[in-house]
Amino acid sequence: MIKYVYPGSFDPLTKGHVDIIERGAKLADRLIVGILMNATKQPMFTLKERIRIIEAGIGHVPNVDIIPFDGLLVDFLKQQDARTVVRGLRAVSDFEYELQMAQANRNLYPEMETIFLCTNVEYSFISSTVVKDILRHGGDISHLVPMESIHIIEKILGGKENGSGSADGN
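Residues numbered from 1 in each chain as written. Predicted model: local features only at pLDDT ≥ 70, side-chain atom pairs only at ≥ 80, totals over all residues. Heavy atoms only, no water.

Draft legend 1. Representation of unusual backbone geometry. Of note, the bond from D11 into P12 is cis; its omega dihedral lies within 30 degrees of zero at 0°. Here F10, not a glycine, exhibits a phi torsion of approximately 50°, which is positive. Along the chain, the position of F10 falls in the loop between β1 (3-8) and α1 (15-27). Exposure remark for F10: the relative accessible area of 2% places this residue in the buried category. Despite not being glycine, D81 shows a phi value in the positive range, around 55°. Along the polypeptide, D81 turns up in the loop between α3 (73-79) and β4 (84-89). Taking relative accessible area as the criterion, D81 reaches 63% and is therefore assigned exposed. (Helix = DSSP H or I, 4+ residues; strand = E, 2+ residues; numbered from the N terminus. Buried < 20%, exposed > 50% of the residue type's maximum accessible area, 1.4 Å probe, protein only.)

What follows is the structure, given as structure tokens:
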């Protein structure tokens, strides 16, 4: 079975992420969406919330598993019995960073390969950072995030504004 891993924080999932997931899933028997739990970052959405947002946004893609991880990507690949990472590129500036990461990871795990997929041009300006900034200012994200995910995000943010949202960071 060919397994690929698409790692990221997905805070939150965007249409650009969905584009890469749909296309990456066509290249492998299983695509594992690895949600990084990065202790150095303060996410807008908890891990459980990010999983719910991703599940809603990619429910139409049948061969995808969503699995959280922390630590090194190469260790996660080995745990999942995978050797290939899928990464999306929006611009040349993404490539420089992604190339460094791919080379560092390959140094740690020589059997590993990284496949770069260029994001569809209509999504090339979208990032989770942009989405979060728009959300913080009450703007419309309907053109940036899958509609199925927007409903989950609205419920989550509505609960947090009412004091009932999760504050555990997980």
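Draft legend 2. Highlighting helix α2 (residues 47-58). For α2, which comprises twelve residues, the first-to-last C-alpha distance of 16 Å matches the rise-based estimate of 16 Å (1.5 Å per residue) to within 8%. Among the residues of α2, those classed as buried are L47, E49, R50, I51, I53, I54, G57 and I58. (Expected span 1.5 Å × (residues − 1).)

None of this, on its own, says anything about what the molecule does.
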